[in-house]
Amino acid sequence: FVFAMPDRKKLMETFRRVDLVHVQFPFYLGMKAVKIANEMGVPVVSGFHVQPENILYNIGVSSKILTDRLYRFFVKRVYNGTRAVVCPSRFAQKQLLRYGLTAPSHVISNGIVNTFRPMRVSRDPRLKNRFIILSVGRLAKDKRHEVLIRAISRSRHRDEIQLIVTGEGPMKERLIEMGRMLPNEPFFLYLPLKELIRLYNTADLYVHPSEVELESMSVLEAIACGLPPLISDSKISASGQFAIDDRFLFKSNDVEDLTAKMDYWIEHRRELSQARKKYIEFSKQYHIEESVRRLESIYYD
């Protein structure tokens, strides 16, 4: 992530030409943009897309005091200085309200595009008899891929499980090394969109062990393709909203519980297959057209 430095002159020149400013991140550029836009009388909308936990977790800091202070700092310096705050989930909205948000807030999903949809695809012959578990996302500490690898290593069906992880990040080498403990070495891939969609339609189960999420686009992409997800029930994540029942949730960071839930679905594949249609239907409420309509309405207000 590259942090931007604000240039007051350029921001003022730009804001004179616009009807509205949308601040996406609560960092230095965002703080200055809110301050300058308010001075100039240009309305500002902000988006809540970064949790303090995302920042602290990835620099190895676990402190409730620091997390609380960072939330309050962002709310004071950015969100309460805007006319409307766009939150991608109810969980996200509640977090800001908990830390003193007084500006009007609206829950609008980031939305899923129609590119993510069910399709008939042929499986790689090498994986014909494997149960494919897919996980998508940054290879970073907060995504907890190591919990998934350990869970697979304890599974009764570890010999038939093929783990596929897509994404890049600082944990990649460590995860590759960990993956060597499994009977079938995991594939760590970075794929173009078309191939990723094929993979969503090829896999048997999506596992999302992440601890920190404001919505989780990868889970949304998976269910739009009809791939059932097994999701961490983390208290600092919104991902659990996509589980249609408790069988698709596991205790956060609990290797034993994740193993038990994975083994259940491997042994109940007919039920898993039936869940595909339910997830496709469930995902329709998150289509991007509705998100665009609602965001546009906020802009006009």
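Residues numbered from 1 in each chain as written. Predicted model: local features only at pLDDT ≥ 70, side-chain atom pairs only at ≥ 80, totals over all residues. Heavy atoms only, no water.

A. Quick peek at the packing of aromatic side chains. For the structure on display, the rule yields 15 aromatic pairs. The interplanar angle of 15° and the centroid separation of 6.1 Å between the aromatic rings of Phe25 and Phe27 together place this pair among those described as stacked. Judged by its relative accessible area of 35%, Phe25 is partly exposed. Take Phe27: its relative accessible area is 15%, and that puts it in the buried class. Ring geometry for Phe48 versus Tyr71: centroids 6.4 Å apart, planes at 65°, classification edge-to-face. (Phe/Tyr/Trp six-rings, centres within 6.5 Å; stacked < 30°, edge-to-face > 60°. Buried < 20%, exposed > 50% of the residue type's maximum accessible area, 1.4 Å probe, protein only.)

B. Just a nonpolar patch on the surface, in detail. There is a patch of nonpolar side chains on the surface, built from Phe1, Phe3 and Phe25 and spanning about 370 Å² of accessible area. Within the secondary structure, Phe25 sits in the loop between β1 (21-23) and α2 (28-40). (Patch = residues over 30% accessible without salt bridge, like charges linked within 9 Å, V, L, I, M, F, W, Y side chains within 5 Å. Areas by Shrake-Rupley, 256 points an atom, 1.4 Å probe, with all protein chains shown as cover. Salt bridge = Lys/Arg side-chain N within 4 Å of Asp/Glu carboxyl O. Helix = DSSP H or I, 4+ residues; strand = E, 2+ residues; numbered from the N terminus.)

C. Summary view of helix α8 (residues 193-202). Buried within α8 we find Leu196, Ile197, Leu199, Tyr200, Asn201 and Thr202. Of the surrounding secondary structure, the elements contacted by the buried residues of α8 are β5 (131-136), β6 (161-166), β8 (205-208) and α9 (217-224). (Contact = heavy atoms within 4.5 Å.)

D. Region of the structure containing the pairing of β6. β6 sits mainly inside the fold: 6 of its 6 residues count as buried. Neither face of β6 is open: one carries Ile161, Leu163 and Val165, the other Gln162, Ile164 and Thr166, and all of them are buried. As paired strands, β5 and β6 are joined by 6 bridges and run parallel to one another. Within β6, the residue paired with Ile132 across the bridge is Gln162. (Pairing = 2+ DSSP bridges.)

E. Looking closely at the sheet that holds β1. Pairing is parallel across the open sheet formed by 4 strands, whose spatial order is β1-β2-β3-β4. Only two strands of the sheet have a single neighbouring strand rather than two, namely β1 and β4 (105-107). Within this sheet the neighbouring strands show an average axis-to-axis angle of 25°, counted without direction. As paired strands, strand β3 (residues 84-87) and β4 are joined by 3 bridges and run parallel to one another. Across the sheet, Cys87 pairs through a bridge with Val107, a residue of β4. (Axes fitted to C-alpha atoms, helices over the stretch in contact; angles between N-to-C directions.)

F. Local environment of helix α11 (residues 269-283). End to end, α11 covers 21 Å across 15 residues, agreeing with the expected 21 Å (1.5 Å per residue, within 8%). By the burial criterion, the buried members of α11 are Leu272, Ala275, Tyr279, Phe282 and Ser283. The secondary structure elements touched by the buried residues of α11 are β5, β8, α9, β9 (229-232) and α10 (255-267). (Expected span 1.5 Å × (residues − 1).)

G. Here's a closer look at a positive patch on the surface. A contiguous patch of positive charge, built from Lys141, Arg150, Arg154 and Arg174, is present on the exposed surface. Topologically, Arg174 is positioned in helix α7 (residues 172-179). (Lys, Arg positive; Asp, Glu negative; His and termini not counted. Charge placed at Lys NZ, Arg CZ, Asp CG, Glu CD.)

H. Expanded view of the pattern of salt bridges. As enumerated under the stated definition, the model contains 19 salt bridges in all. Notably, a salt bridge pairs Lys143 with Glu213, separated by 2.7 Å at the nearest N-O pair. Residue Lys143 is found in the loop between β5 and α6 (145-153), and its partner Glu213 is found in the loop between β8 and α9; the two are separated by 70 residues along the sequence. In this pair, the class of Lys143 matches that of Glu213, namely buried. Residues Asp257 and Lys261 are paired through a salt bridge, measuring 4.0 Å at the closest nitrogen-oxygen approach. Taken together, the residues Asp257 and Lys261, both in helix α10 and 4 residues apart, mark about one turn of the helix.

I. The nonpolar core, seen in detail. By size, the foremost hydrophobic cluster in this structure holds 55 residues, and its most contacted members are Ile133, Leu134, Tyr200, Val207, Leu258 and Met262. The contacts of Val207, once residues within four sequence positions are left out, are Ile133, Leu134, Ser135, Leu148, Leu230, Phe250, Leu258 and Met262. In this structure, Met31, Val85, Ala92 and Leu101 belong to the second largest nonpolar core, which totals 29 residues. (Core = buried A, V, L, I, M, F, W, Y, C linked by side-chain atoms within 4.5 Å.)

J. Representation of unusual backbone geometry in the model. If you check the backbone angles, Ser216 has positive phi at about 90° while not being a glycine. Mapped onto the elements of the fold, Ser216 is located in the loop between β8 and α9. Even without glycine at this site, Asn253 takes up a positive phi of about 65°. With respect to the element layout, Asn253 can be found in the loop between β10 (249-250) and α10.

K. Spotlight on the pairing of β5. Taking burial as the measure, the 6 residues of β5 include 6 buried ones, the bulk of the element. Of the two faces of β5, the one carrying Phe131, Ile133 and Ser135 and the one carrying Ile132, Leu134 and Val136 are both buried. Taking the sense of rotation as the criterion, the β-α-β connection linking β5, α6 and β6 turns out right-handed. With 2 bridges joining them, β5 and β8 adopt parallel strand pairing. (Right-handed = clockwise from strand over helix to strand, strands pointing away.)

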